[in-house]
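# Structural overview
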Amino acid sequence: MHFLDQAKIFLRSGAGGPGAVSFRREKYIEYGGPDGGSGGKGGDIVFRAVQGLNTLIDFRYSQHFKAKRGTHGMGRDRTGAGADPLVIEVPVGTQILSEDKEDVLADFTEVGQEITFLEGGMGGRGNASFKSSTNRAPRQHQPGEAGQEMWVWLRLKLLADVGLLGLPNAGKSTFINAVSNAQAKVGAYAFTTLVPKLGVVRHKNREFVIADIPGLIEGAAEGAGIGDRFLGHIERCRVLIHLVDITGDDPAEAMQIVDAELAAYGAGLEDKVQLIALNKVDLADEELVEGFAKELRAAGADKVFALSGATGHGVQDLLDAVLQHLPGRTATETKGREEEDTSEAAPWSPL
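Throughout what follows, the structure given in this document is the object of discussion.

Cut-offs applied
Residues numbered from 1 in each chain as written. Predicted model: local features only at pLDDT ≥ 70, side-chain atom pairs only at ≥ 80, totals over all residues. Heavy atoms only, no water. Salt bridge = Lys/Arg side-chain N within 4 Å of Asp/Glu carboxyl O. Helix = DSSP H or I, 4+ residues; strand = E, 2+ residues; numbered from the N terminus. Buried < 20%, exposed > 50% of the residue type's maximum accessible area, 1.4 Å probe, protein only. Axes fitted to C-alpha atoms, helices over the stretch in contact; angles between N-to-C directions. Left-handed = near helix turned anticlockwise from the far one by under 90°. Contact = heavy atoms within 4.5 Å. Nonpolar A, V, L, I, M, F, W, Y, C, P; charged D, E, K, R; others polar. Pairing = 2+ DSSP bridges. Polar contact = N/O pair within 3.5 Å; in protein donor to acceptor, adjacent residues only side chain to side chain. Patch = residues over 30% accessible without salt bridge, like charges linked within 9 Å, V, L, I, M, F, W, Y side chains within 5 Å. Areas by Shrake-Rupley, 256 points an atom, 1.4 Å probe, with all protein chains shown as cover. Core = buried A, V, L, I, M, F, W, Y, C linked by side-chain atoms within 4.5 Å.

Oppositely charged side chains can pair when the atoms bearing their charge come close. Within this structure, the stated rule accounts for 13 salt bridges. Note that D5 is salt-bridged to R229, the shortest N-O span being 2.6 Å. Of this pair, D5 sits in the segment before β1 (6-12) while R229 sits in the loop between β11 (206-212) and β12 (239-245), and the two are 224 residues apart along the sequence. With relative accessibility at 3%, the residue D5 sits in the buried group. Linking R202 and E207 is a salt bridge whose minimum nitrogen-to-oxygen distance equals 3.1 Å. A residue is classified by how much of its surface remains accessible, and R202, at 57% relative accessible area, is exposed. On the accessibility criterion, E207 (21% relative accessible area) is partly exposed. Taken together, the shared-partner salt bridges connect K41, D44 and E119 into one network.

With that settled, consider the packing of helix α3 (residues 251-265) against helix α4 (residues 286-298). Viewed as axis vectors pointing N to C, α3 and α4 meet at an angle of 35 degrees, and their least axial separation amounts to 8 Å. Judged by the twist between their axes, the crossing of α3 over α4 is right-handed. For the pair α3 and α4, the contacting residues are P251, A252 and M255 in the first and F292, E295 and L296 in the second. Split into classes, the residues belonging to the contact of α3 with α4 amount to 5 nonpolar, no polar and 1 charged.

Further remarks concern the pairing of strand β5 (residues 94-97). Burial along β5 is two-sided: the face carrying T94 and I96 and the face carrying Q95 and L97 are both buried. Examined bridge by bridge, β5 and strand β8 (residues 149-156) share 4 bridges and lie antiparallel to one another. Each residue of the ladder has a partner; that of I96, found in β8, is L154. As defined by bridge partners, β5 adjoins strand β6 (residues 104-107) across 3 bridges and the pair is classed as antiparallel. Across the sheet, I96 pairs through a bridge with A106, a residue of β6. In textbook terms, the turn of a hairpin is the stretch between consecutive antiparallel strands, and for β5 and β6 this stretch comprises 6 residues, one of which, K101, has a positive phi near 65 degrees.

One can find S13 in the loop between β1 and β2 (45-50). A distance of 2.9 Å separates the side chain of S13 from the backbone oxygen of E119, its partner in a polar contact. A polar side-chain atom of S13 sits 2.7 Å from the main-chain amide nitrogen of Q148. Here S13 is in contact with G43, I45, A67, L118, E119, G120, G147 and Q148, once residues within four sequence places are set aside.

With that settled, consider the environment of P34. Tracing the backbone through its elements, the reader meets P34 in the loop between β1 and β2. When its relative accessible area of 6% is taken as the criterion, P34 is described as buried. P34 sits 105 residues away from R139 along the chain, and the two C-alpha atoms are 8.3 Å apart.

Bringing the sheet that holds strand β9 (residues 162-165) into the picture now. Within the open sheet, the 6 strands sit side by side as β10-β11-β9-β12-β13-β14. Their pairing is mixed. Looking at the sheet topology across the chains shown, the edges are occupied by β10 (197-203) and β14 (304-306). Here the average twist between neighbouring strands, direction ignored, is 30 degrees. Both β12 and strand β13 (residues 273-279) contribute to a ladder of 7 bridges, which runs parallel. Bridged to D245 within β13 is N279.

Together, L194, V195 and I226 make up a nonpolar patch on the protein surface, roughly 230 Å² of accessible area in all. Looking at where V195 falls in the secondary structure, it is placed in the loop between α2 (172-179) and β10. Residue class for V195 comes out partly exposed when judged on its relative accessible area of 35%.

We now examine unusual backbone geometry. The residue D77 is not glycine, and still its phi comes out positive at about 60 degrees. Among the structural elements, D77 can be located in the loop between β3 (64-66) and β4 (86-91). Positive phi outside glycine occurs at N205, with the angle close to 60 degrees. Assignment of secondary structure puts N205 in the loop between β10 and β11.

Among the nonpolar cores identified, the biggest contains 25 residues, and V162, F175, F208, I210, I241, L318 and V322 are the most heavily contacted of them. At the level of elements, β9, α2, β11, β12, β13 and α5 (315-323) are the ones that each hand at least two residues to this core. With 6 residues, the top contributor of residues to this core is α5. Every residue in contact with L318, bar those within four places of it in the chain, is listed here: F175, I241, L275, A277, F305 and L307. I9, F47, L118 and L154 belong to the second-largest nonpolar core, a separate cluster that totals 24 residues.

Written as structure tokens, this is what we have:
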């Protein structure tokens, strides 16, 4: 499945049905009078967050969504049928933005969350509703109210508890494969990861979601490499794992480059909890590992975890540290699981 995290679509709610002009004419019925019914309500545009979707690729091939209009009113005081709402299913984590991308109009963070985004037009009044003591044979009626329409942007921000950061070839894909079932592509070249990848980590009877995003390089905020747009997918993370390649020329400088790109992007990423991990320690001796860890601490890291995604060395200690920054129960753990009933059972009674 192709990954797409932005899409522009056109929305139009249904117009209301027009009211009818009708008069009751039956044999042996005197003073029939007006009996034109009102029109039905137009269909609403409804967005619903559903489970099982993690891309907006469907909106690349279908950009126009128009709800049906209400049915017109009819004689014998028959009101037209209202149109069914048009339900648009989106992945959890989707935001609806205005056409200029300046305003967030809706944000879907939970499965089943539903928002009526555009109201359908009200149906027009039939001539029966205009009759009065002074207007006994009205011929006026109302057309249905027009529907609402607008262009909007859909932007997907994946929901994950932990995000992976680092320069290209820092070993992020190897790490996520080692701790989850993500099966991310691994290659000995830069930008092997081109789209975000999610994996579910199970550690010490806990579960949480980890997200791997493409690597950052210096100048990503200005469009270098593949840019920094994918940083939006870790905005919702509680903790970030910053992998630094020990085989690089200057690990401390590599860490500072990524931190500078986070600050340039903004959105509070530079203030999130970061766990600095010196990766690929299986390719270096202990003295070199300790020397680079000291440089990273001098460059601003509170604590440095030495690990190897390929061999698994140090991975458990890092995951232990991650659990300290997660809530008591993550969204993955609460999904589909019943809460225990701690209330006291009522005493048995035959009545």
